[in-house]
Amino acid sequence: MNQKRVMAIASGGGHWQQLMLLRPAFQEYSIRYVTTMAGLPEKFDALPAAIVPDCNRNKPITATLSAFAILFQMFRHRPHVVVSTGALPGVIGLAVGKLIGARTVWVDSVANGEEMSMSGNLARPFAGLWLTQWEAVSEKSGAEFAGRVI
Amino acid sequence: MIFATVGTQLPFDRLVGALDQQAGQSSEEFIIQTGPSRLKLEYATGFKQLDPERFERFVEGARLLVAHAGIGSLLTASAYGKPLIIVPRRKSLGEHRNEHQLATARQFQQRIGVHIAWQVSDLGPLLIAKDLMPLEQTGAKHLQPLLDRIRTFI
């Protein structure tokens, strides 16, 4: 049994669905999921999981609450690896992850076919592996391309 | 039954309203997950936000899915092998923070099973078409190298 701890973070909706498709990349480790929509982890059998408040740039107060909730999860579980498909909660996760010495992976959403998302750009300094799912975005942004979920 | 989902973060009443009108002219049942909509539906059945289980049941029961150009919708249609009509949200109409849904629509317009209504006025003919191709299941062709890369890094 490999005891490496992985924290996998994504907002509810499309980001979460993409994270679920990436599970085979880390399923042998001890994974803890973090998302923003109650009921999602149960539906995908992605447990144990924590729900944090959703956040986007238009709602600074919930974003702050969300940041604290993610901080709490990170310090409580001290992951060796943090993986996120976005959006803003994932940036926070990667930032804290880097701070505590975790390996950090950003997979920018496949929704961003023409340019890197704003969260992706924010995540760049914290991402050990900074991936886009489109070749064209890779050329423009310098992010690595390896494949895509759909 | 036609099941529509327009995203739950921001309203998309241009699409919700158009679908309600179409429902009034159709004998088929329309069910819409409306998100934070301000509209009162006359003909379609609306839910602001469905729990994942009921959402899945509606998807399974639908002949056709209609959605905003969100990746969640593409992945859902692909997972269940349903035809999908997408209507991109537009920043220029205040429907999103940027124009990435137009980009998504352009990226996926060649995909079999993805039918794009660039305007809501394009919806009518697509909704009554009986021969819309379903989306194929997500292939491992694109996904496997991505998984391998992440695995190696970790």
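Quick caveat: nothing in here was measured; it's all calculated off a predicted structure. Residues take numbers from 1 onward in each chain, read along the sequence in its written order. Chain letters and ligand numbers both follow the written order, the letters beginning at A and the numbers at 1. For this predicted model, a pLDDT threshold of at least 70 governs which residues receive local features, and a threshold of 80 or more governs which side-chain atom pairs are given and counted, while totals over whole chains, interfaces and linings are taken from all residues.

A. Focus on the overall build of chain A. Strands are runs of DSSP state E lasting at least two residues, helices are runs of H or I lasting at least four, and both sets are numbered from the N terminus onward. Helix and strand content of chain A: six helices and seven strands. Going from N to C terminus, chain A has its helices and strands arranged as β-α-β-α-β-α-β-α-β-α-β-α-β. Put simply, the radius of gyration uses C-alpha atoms, and a globule should come to 2.2 Å times the residue count raised to 0.38. What you see for chain A is a C-alpha radius of gyration of 14 Å, in line with the 15 Å of a compact globule of 150 residues. Taken along its principal axes, the extent of the C-alpha atoms in chain A is 40 × 40 × 30 Å. Residues counted as buried form 55% of the 150 residues belonging to chain A. Counting contacts in chain A only where the partners sit at least 6 residues apart, residues at least 24 apart contribute 52% of the total. Buried, partly exposed and exposed are defined by the number of other C-beta atoms within 10 Å of a residue's own C-beta, namely 20 or more, between the two limits, and 12 or fewer respectively, with C-beta atoms placed from the backbone. Two residues form a contact once the distance between their C-beta atoms, set from the backbone, is within 7 Å.

B. Highlighting the overall build of chain B. When helices and strands are tallied, chain B shows six helices and six strands. The linear arrangement of helices and strands in chain B, starting from the amino end, is β-α-β-β-α-β-α-β-α-β-α-α. Here the C-alpha radius of gyration of chain B, 16 Å, is about what a compact globule of 154 residues would show, namely 15 Å. Considering only C-alpha atoms, chain B reaches an extent of 55 × 35 × 30 Å along its principal axes. Taking the intrachain contacts of chain B between residues at least 6 apart in sequence as the baseline, contacts between residues at least 24 apart amount to 52%.

C. The sheet that holds strand E6 (residues 129-132) of chain A, seen in detail. Residues and elements named next belong to chain A. Two strands form a pair only when DSSP identifies at least two bridges running between them. One open sheet holds the seven strands; their spatial order is E3-E2-E1-E4-E5-E6-E7, and the pairing between them is parallel. The outermost strands of the open sheet, each flanked by one partner alone, are strand E3 (49-51) and strand E7 (144-145). Inspection of the sheet shows strand E4 (residues 81-86) paired to strand E5 (residues 103-107) by four bridges, in the parallel sense. Its bridge partner being in E5, serine 84 is matched across the sheet by tryptophan 106. To get an axis, a line is fitted to the C-alpha atoms, and for a helix only the part in contact is used. The angle between two axes follows their N-to-C directions and goes from 0 to 180 degrees. In the packing of helix H4 (residues 88-99) onto the sheet, the strands contacted are strand E1 (5-10), strand E2 (30-35), E4 and E5, and the crossing angle to E4 comes to about 160 degrees.

D. Focus on the confidence of the model for chain B. For chain B, mean pLDDT is 93; residues scoring 70 or higher make up 99% of the total. Quick note on the complex model: pTM equals 0.84, ipTM equals 0.95. Known as pLDDT, the predictor's per-residue confidence is scaled from 0 to 100.

E. The arrangement of the interface of chain A and chain B in detail. At the junction of the two partners, chain A supplies 27 residues and chain B supplies 25 residues. Counting residues per element, the ones that place at least two in the side of chain A that touches chain B are helix H1 (14-21), helix H2 (40-43) and E5 of chain A. In terms of residues, the side of chain A that touches chain B owes the most to one element, H1(A), which gives four residues. Classifying every residue of the side of chain A that touches chain B by side-chain character gives 14 nonpolar, nine polar and four charged. Polar here means any residue other than Ala, Val, Leu, Ile, Met, Phe, Trp, Tyr, Cys and Pro, which are nonpolar, and Asp, Glu, Lys and Arg, which are charged; Gly is therefore polar.

F. Seen up close, helix H1 (residues 13-24) of chain B. Each helix should span, by expectation, one fewer than its residue count multiplied by 1.5 Å. Over its 12 residues, H1(B) extends 16 Å from the first C-alpha to the last, a length consistent with the 16 Å expected when each residue adds 1.5 Å. All buried positions along H1(B) are accounted for by B:Leu15, B:Val16, B:Ala18, B:Leu19, B:Asp20, B:Gln22 and B:Ala23.

G. View of the environment of B:Leu15. All names here are of chain B. Turning to its location among the elements, leucine 15 is positioned in helix H1. Expressed as a C-alpha distance, the spacing of leucine 15 and proline 125, which sit 110 residues apart in the sequence, is 15 Å. Not counting the four nearest positions on each side in its chain, leucine 15 is found in contact with Val6, His68, Val87 and Val120.

H. View of the nonpolar core. Nonpolar cores are built from buried Ala, Val, Leu, Ile, Met, Phe, Trp, Tyr and Cys residues. These are joined into a set through C-beta atoms within 7 Å. In this structure, B:Ala4, B:Leu19 and B:Leu84 are the most contacted members of the largest nonpolar core, which totals 88 residues. Sort the elements by how many residues they give to this core and H4(A) lands first, with six residues. Setting aside chain neighbours within four positions, we find B:Leu19 in contact with B:Ala4, B:Phe30, B:Ile32, B:Ala44 and B:Val66.

I. Seen up close, unusual backbone geometry. Residues and elements named next belong to chain A. The omega torsion across leucine 47 and proline 48 is 0 degrees, close enough to zero to call that bond cis. Along the chain, proline 48 turns up in the loop between H2 and E3. Between glycine 86 and the following residue, alanine 87, the backbone shows a cis peptide bond with an omega angle of -5 degrees. Mapped onto the fold, alanine 87 is located in the loop between E4 and H4. Positive phi values are uncommon outside glycine, yet aspartate 45 reaches one of about 55 degrees. Within the secondary structure, aspartate 45 is located in the loop between H2 and E3. Phi angles above zero are rare outside glycine, and arginine 78 is one such case at about 45 degrees. For arginine 78, the location among the structural elements is in the loop between helix H3 (60-77) and E4.

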